[in-house]
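# Reading the structure
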Amino acid sequence: MTQQISYTTLRGMNTFECFVKRSVDILLSLGSLVLFALPIAIIYIAVKWEDGGPAIFKQERMGMNGKPFMLYKFRSMRTDAEKNNSPQLYSEGDSRLTKVGDFIRTHHIDEFPQLWNILIGDMSFVGYRPERQFYIDQIVEHCPQYVDLYQVRPGIFSLATLYNGYTDTIEKMITRTEMDLEYLRKGSLWLDIKIIFLTSVAIITGKKF
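In short, a report on the structure. (Residues numbered from 1 in each chain as written. Predicted model: local features only at pLDDT ≥ 70, side-chain atom pairs only at ≥ 80, totals over all residues. Heavy atoms only, no water.)

## A word on the overall build of the protein
To be explicit about the condition: Strands are runs of DSSP state E lasting at least two residues, helices are runs of H or I lasting at least four, and both sets are numbered from the N terminus onward. With C-alpha atoms as the basis for the radius of gyration, the globule rule is written as 2.2 Å multiplied by the number of residues raised to the power 0.38. The rule is simple: take the accessible area with a 1.4 Å probe, protein chains only, and divide by the maximum for that residue type; under 20% is buried, over 50% is exposed, in between is partly exposed. Accessible surface area values rest on a Shrake-Rupley calculation with a 1.4 Å probe, where residue burial reflects the displayed protein chains alone. Working convention for charge: Lys and Arg count positive, Asp and Glu count negative, and His plus the chain ends are omitted. The location of each charge is read from NZ of Lys, CZ of Arg, CG of Asp or CD of Glu.
Each helix and strand in the protein was counted, giving eight helices and four strands. Ordering the α and β elements of the protein from the N terminus gives α-α-β-β-α-α-β-α-β-α-α-α. Whereas a compact globule of 209 residues would reach a radius of gyration of roughly 17 Å, the protein reaches 17 Å, a difference of no more than 12%. The C-alpha extent of the protein, read off along each of the three principal axes, is 45 × 40 × 30 Å. The proportion of buried residues among the 209 residues of the protein is 46%. Accessible surface, the protein: about 11200 Å² in total, of which carbon and sulfur atoms supply 61%. One way to put it: in the protein the 24 positive side-chain charges average out to a point 3 Å from where the 23 negative ones average out.

Okay, structure coming up:
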C-alpha cells in the first residue's frame, strides 16, 4: 500500500525552513559519523564478536512518498529473532536480545547506523518513526490518516517516541500515529530543536522509552 504524494514540507514550516532542516540533517549526520567513528567501530566489533552474526541489521521500512527504503541499525537480537520472516514486535525483557544487544538497545545506541540513513536522505533527525508495511496495514484500518505522514521524511527522534515510548502493541502504534500527525501539523525548527534536546537529555539520564 503506497501512495505517491507531492508534498515535501511540514505544514508548520515554509520552504526555507525545510531547506534549513535538510541542511542541518546533512551537516549534523556527517559530523556525528566522524565524531562517533570510534564508538561506532567498537559497537560494531562487540556485536560481531558476541555470536559471529552480522553487526548491522537492515530492514525494509516505508518512508517519504510511501517509498520503501532500507533502515540500518546495530543488530540487538539473535539472528533467528524472526523465524520464517514472521514480524514480531519488541517488548521489554525480550528473550531474543543478545547481551550486547540488550545494552545498546537500552541506551539507544543501536540506532547509530541511521545517521547514514539521514545523510543519504532516507530519514531526518526528527520525524515519525518509520514502520514496516505489515504493521502499517493494521494501523491504517484504525487510522487511515497514517498515509499523511508520507509527506515528510521519517526520523530517529520523534514527539511520539519521547512521550509515548517504543510500541509493542497495535494500540500504542495508533496512539503514536496520532502524535506523529500532530507533529506533521505543527512542525517547526523550534519544535525539532526541542525534541532533539529533550530526547538527548532523556537518553543521557537513562530514561526508558
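Continuing now.
## Considerations on the pattern of salt bridges
Rules: Salt bridges, as used here, are contacts in which a Lys or Arg side-chain nitrogen is within 4 Å of a carboxyl oxygen on Asp or Glu.
The full count for this structure, using the stated rule, is eight salt bridges. In this structure, a network of salt bridges that share partners links the residues Glu182, Arg185 and Lys186.

## Quick look at the layout of surface pockets
Operational definition: Note on definitions: the grid is 1 Å and covers protein atoms alone; a cavity is a set of points where a 1.4 Å probe fits but cannot get out; a pocket is an open set with protein on both sides within 12 Å along at least five of seven lines; lining residues have an atom within 4 Å of a point. Grid points are joined across faces, edges and corners, and a volume is the space filled by probe spheres set on the points. When residue character is reported, Ala, Val, Leu, Ile, Met, Phe, Trp, Tyr, Cys and Pro are called nonpolar, Asp, Glu, Lys and Arg charged, and the others, Gly included, polar.
Computed from the structure, the largest pocket encloses a volume of approximately 840 Å³. In terms of lining, the largest pocket is formed by 37 residues, of which the most central are Phe57, Gln59, Arg61, Glu82 and Arg132. Contributions of two or more residues to the lining of the largest pocket are made by strand S1 (56-62), strand S2 (68-74) and helix H7 (170-186). Looking at the lining of the largest pocket element by element, the count peaks at five residues for S1. Its residues placed into classes, the lining of the largest pocket shows 14 nonpolar, eight polar and 15 charged. Empty space within the second largest pocket amounts to approximately 520 Å³. Contributing to the lining of the second largest pocket are 22 residues, with His108, Phe112, Ile156, Phe157 and Ile203 lying nearest its centre.

## Considerations on helix H8 (residues 189-204)
The line we're drawing: Here the expected span of a helix is defined as 1.5 Å times the quantity of residues minus one. Starting at the helix axis, one direction is taken to each C-beta atom, and the arc is that of these directions. What makes two residues a contact is simply this: any of their non-hydrogen atoms within 4.5 Å.
Over its 16 residues, H8 extends 23 Å from the first C-alpha to the last, a length consistent with the 22 Å expected when each residue adds 1.5 Å. Every buried residue of H8 is accounted for by Leu191, Asp192, Ile195, Thr199 and Ala202. Looking straight down H8, one finds its buried side chains confined to an arc of 105°; they lie on one side. Projecting away from the buried face of H8 at angles above 90 degrees are the exposed residues Trp190, Ile193, Phe197 and Ile204. Here the buried face of H8 lies against helix H1 (15-35), strand S3 (124-126), strand S4 (155-157), helix H6 (159-164) and H7. Positive backbone phi, at 85°, marks Gly206, one or two positions downstream of H8.

## Brief notes about the packing of helix H2 (residues 37-51) against helix H3 (residues 99-106)
Cut-off, in case you're wondering: In this description, a line fitted to the C-alpha atoms serves as the axis of each element, helices being fitted only across the stretch in contact, and the angle between N-to-C directions of two axes falls anywhere from 0 to 180 degrees.
One can describe the packing of H2 onto H3 by two numbers: an axis separation of 8 Å at closest approach and a directional angle of 145°. Listed contacts from H3 to Ile43, Ala46, Val47 and Glu50 of H2 are Lys99, Val100, Gly101 and Ile104. The class makeup of the residues in the contact of H2 with H3 is five nonpolar, one polar and two charged.

## Here's the deal with the environment of Lys67
Considering the arrangement of structural elements, one finds Lys67 in the loop between S1 and S2. Along the sequence, Lys67 and Asp122 sit 55 residues apart, while their C-alpha atoms lie 9.6 Å from each other.

## Quick look at the packing of helix H5 (residues 133-142) against H7
As a reminder of what qualifies: Reported orientations rely on four angle classes, namely roughly parallel under 35 degrees, roughly antiparallel over 145, roughly perpendicular from 65 to 115, and oblique for the rest. Each crossing gets its handedness from the near helix: less than a right angle anticlockwise from the far helix is left-handed, clockwise is right-handed.
Between H5 and H7, the shortest axis-to-axis distance is 10 Å and the interhelical angle comes to 70°. If you check the angle between H5 and H7, you find them roughly perpendicular. Along this stretch, H5 crosses H7, giving a crossing that reads as right-handed. Contacts between H5 and H7 involve Tyr135, Gln138, Ile139 and His142 from the former and Ile170, Met173, Ile174 and Thr177 from the latter. Residues of the contact of H5 with H7, tallied by class, amount to five nonpolar, three polar and no charged.

## Structural notes on unusual backbone geometry
With phi around 65°, Asn65 is a residue other than glycine that occupies positive phi space. Mapping Asn65 onto the fold places it in the loop between S1 and S2. Positive phi, normally seen in glycine, also occurs at His108, with a value near 65°. Relative to the assigned elements, His108 resides in the loop between H3 and helix H4 (114-119).

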